[in-house]
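Observations on the model geometry
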Amino acid sequence: MNIVLGAIADDFTGATDLANNLVRAGMRTLQVIGVPDTPLLLEDVDAVIVALKSRSCEAAQAVSQSLEALEWLQARGVRQVFFKYCSTFDSTAVGNIGPVADALLESLGARQTVMVPAFPVNGRTVYQGHLFVGDRLLNESGMEQHPLNPMTDADLVRVLAQQSKWTVGLLNHSVLKGGADAARAHLDQARGEGCSHIICDSLDEDDLQTVAEAVVDFPLVTGGSGLGQALPAEYRKREWLSHIADASQLEPASGSALVLSGSCSRATLAQIDAFLTHYEGFALDPLALAASDDHYHEALNFARNRVGCGAPLIVYASALADSVQQAQQQLGVEASGELVESALASLATTLVSEGVGRLIVAGGETSGAVVSALGIKALRIGGQIDPGVPWTQARIEGKDKPLSLALKSGNFGAINFFTRAFEVLQ
Ligand code: ADP
């Protein structure tokens, strides 16, 4: 076993985003959901990402979950630990990025780490320690109104200093321009002066590569998936990675094709319309689900009668805002959401046990409900369908062949996402 990178991600889709980038950069990657409590097969894996739900919980809880994940990764002998958070540095005045980074650093016995949130291809850059989203400072990007972690200050040195018990410094762009040796010298000097956390400027991929080269030997790095994209090239220079022709290679997909959608985002609704011009679908109505079991059985029978026939099909609760509001008014916001999620999760478990082997789930919460109903603990990450959404494969108890699974959160994917996803799987 030779796992190079062990990552701790503070949410599920962030973990998938990092996984997707690692695979694209040539690392065979497994994403595990929470800290595994049973042994896992970790052969032929270069990177493991533990997906936590620690972004917005109490700081103490985020710390203890992250330390548990660290212990599990250390027991697997990972060379470098990566604490992954959002490229918009999502956190509050008390955490959780600072306290988790403090705790991981302490537990690893290390004296310094870097904070590298930049993800230039998505417009997230850092200059003089200030985070930009496109051409706006973070606190003018809309993130200042985020419901859980409003970001009202773009100065990351100041933001982190409030959250961390240690000194925060900056590796700025003028130093980075001098290359990895200059960056390393700057980091060494800062360490000598007691600076444990260093915010790193990065305007583009070249900057991220320079940072990656400077920190490849650090026990702990932290940041967004942009850094994840840059590190594998440095691991390869160190000969820590064996040459793999295609890190996204999964076992051949098998079984019937099904889409389940609980996402009501504009993107998903358009993708469903596009799919329905080619294939059949069944619209789930939360009010009918609440009225009797008949509606669920109608949906199940619709799918059962068709899934074996070769063409993919869709069962969706996704609806326009008006009808979502109607359901929410009559049933309550939480109750209508749960009703839909549990109907889609039951359809998934029944239909997978009956032969569905290629499954797309649309919706972040919906994906969580389906993954947990299927008892999935780990996802091997395959090729990208659209930016941020890869095919994955999961072992399902009682089934010989793995399930091919794509989890698409709301706004991701081009309009032909569903049809193309099955095409690229061939
Ligand atoms: P997204 O990633 O687009 O935000 P989610 O799955 O995270 O999608 O959230 C969508 C939520 O809306 C889920 O809880 C789902 O159960 C709920 N939902 C889906 N369709 C309907 C509907 N027709 N009426 C009410 N709620 C719905």
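Just so we're clear, the structure is a prediction, and the values are computed from it rather than from any experiment.

**A closer look at the overall build of the protein chain**
Counting secondary structure elements, the protein chain contains 15 helices and 18 strands. Radius of gyration (C-alpha) of the protein chain: 22 Å, near the 22 Å computed for a compact globule of 426 residues. The dimensions of the protein chain, computed from C-alpha atoms along their principal axes, are 70 × 45 × 35 Å. Here the protein chain holds 426 residues, and 54% of them are scored as buried. Summing over all exposed atoms, the protein chain offers an accessible surface of approximately 17900 Å²; the carbon and sulfur share of this is 48%. Counting 29 positive and 48 negative side-chain charges, the protein chain places the centres of these two groups 5 Å from one another.

**Examining the nonpolar core**
Side chains of a nonpolar character, in soluble globular proteins, are inclined to be buried together. Counting 117 residues, the largest nonpolar core has Phe 89, Leu 284 and Leu 359 as its most contacted members. Ranked by residue count, the leading element in this core is helix H13 (residues 333-353), at seven residues. Domain assignment of the residues forming this core places at least three in each of domain 1 (5-237) and domain 2 (256-425). Excluding residues that lie within four positions of it along the chain, Leu 359 makes contacts with Leu 258, Leu 260, Ala 348, Val 352, Val 370, Leu 374, Trp 391, Leu 403, Ser 404, Leu 405 and Ala 406. Formed by 17 residues, the second largest nonpolar core is a distinct cluster that contains Ala 257, Tyr 316, Ile 360 and Trp 391.

**Side note on the packing of helix H2 (residues 59-75) against helix H3 (residues 97-108)**
Viewed as axis vectors pointing N to C, H2 and H3 meet at an angle of 35°, and their least axial separation amounts to 9 Å. For the pair H2 and H3, the sense of crossing is right-handed. Of the residues in H3, those touching H2 at Ala 59, Ala 62, Val 63, Ser 66, Leu 67, Leu 70 and Gln 74 are Pro 99, Val 100, Ala 103, Leu 104, Ser 107 and Leu 108. Across the contact of H2 with H3, the residue classes break down as 10 nonpolar, three polar and no charged.

**Things to note about the pattern of salt bridges**
In this structure the tally under the stated criterion is 16 salt bridges. As a salt-bridge pair, Arg 55 and Asp 11 come within 3.2 Å of each other at their nearest N and O atoms. Of this pair, Arg 55 sits in the loop between strand E3 (47-51) and H2 while Asp 11 sits in the loop between strand E1 (5-9) and helix H1 (12-24); the two residues are 44 residues apart in sequence, bridging distant segments of the chain. Between Asp 153 and Arg 158 there is a salt bridge whose closest N-O contact spans 2.8 Å. A single salt-bridge network, built from bridges that share partners, covers Asp 10, Asp 11, Arg 55 and Asp 90.

**Some points on the site of the ligand**
Neighbouring residues of the ligand: 19 residues in total, closest Ser 263, Glu 341, Glu 365, Thr 366 and Gly 410. At 2.7 Å from an oxygen atom of the ligand is found a side-chain nitrogen or oxygen belonging to Ser 263. Note that a nitrogen atom of the ligand is positioned 2.9 Å from one of the backbone N or O atoms of Ala 317. For the shell around the ligand, the elements supplying multiple residues, two or more each, are helix H12 (321-331), H13 and helix H14 (364-373). Of the residues forming the shell around the ligand, the biggest block, four residues, is contributed by H13. For the shell around the ligand, the class distribution of residues is seven nonpolar, 10 polar and two charged.

**Some remarks on the pairing of strand E11 (residues 220-223)**
Burial of E11 is two-sided: the residues Leu 220 and Thr 222 facing one way and the residues Val 221 and Gly 223 facing the other way are all buried. By the bridge criterion, four bridges tie strand E4 (residues 80-84) to E11 in an arrangement that is parallel. Bridge pairing in E11 links Phe 83 to Thr 222. Pairing geometry for strand E5 (residues 113-116) and E11, over two bridges, is parallel. Looking at E11, one finds that Val 116 is bridged to Gly 223.

**Some points on the packing of helix H9 (residues 266-276) against helix H15 (residues 417-425)**
Two numbers describe a pair of packed helices, the interaxial angle and the distance between the axes. Following both chains from N to C, one finds H9 and H15 inclined at 65°, their axes separated by 7 Å at the closest point. The angle between H9 and H15 falls in the class roughly perpendicular. Mapping the contact onto sequence places Thr 268, Gln 271, Ile 272 and Phe 275 in H9 and Phe 417, Phe 418 and Thr 419 in H15.

**Concerning the domain arrangement of the protein chain**
We note that the domain assignment places domain 1 (5-237) and domain 2 (256-425) within the protein chain. Each of domain 1 and domain 2 has a C-alpha centre, and the two are 32 Å apart. With 17 residues of domain 1 at the interface, the matching set in domain 2 holds 14 residues. Sorting the residues of domain 1 by area buried against domain 2 places Asn 20, Gln 31 and Ile 33 first, and these three jointly supply 34% of that buried surface.

Definitions and limits used
Residues numbered from 1 in each chain as written. Predicted model: local features only at pLDDT ≥ 70, side-chain atom pairs only at ≥ 80, totals over all residues. Heavy atoms only, no water. Helix = DSSP H or I, 4+ residues; strand = E, 2+ residues; numbered from the N terminus. Rg over C-alpha atoms; globule rule 2.2 N^0.38 Å. Buried < 20%, exposed > 50% of the residue type's maximum accessible area, 1.4 Å probe, protein only. Areas by Shrake-Rupley, 256 points an atom, 1.4 Å probe, with all protein chains shown as cover. Lys, Arg positive; Asp, Glu negative; His and termini not counted. Charge placed at Lys NZ, Arg CZ, Asp CG, Glu CD. Core = buried A, V, L, I, M, F, W, Y, C linked by side-chain atoms within 4.5 Å. Domains from an automatic or database assignment. Contact = heavy atoms within 4.5 Å. Axes fitted to C-alpha atoms, helices over the stretch in contact; angles between N-to-C directions. Left-handed = near helix turned anticlockwise from the far one by under 90°. Nonpolar A, V, L, I, M, F, W, Y, C, P; charged D, E, K, R; others polar. Salt bridge = Lys/Arg side-chain N within 4 Å of Asp/Glu carboxyl O. Near = heavy atom within 4 Å. Polar contact = N/O pair within 3.5 Å; in protein donor to acceptor, adjacent residues only side chain to side chain. Pairing = 2+ DSSP bridges. Parallel < 35°, antiparallel > 145°, perpendicular 65-115°, else oblique. Buried area = accessible area lost by both parts, 1.4 Å probe.

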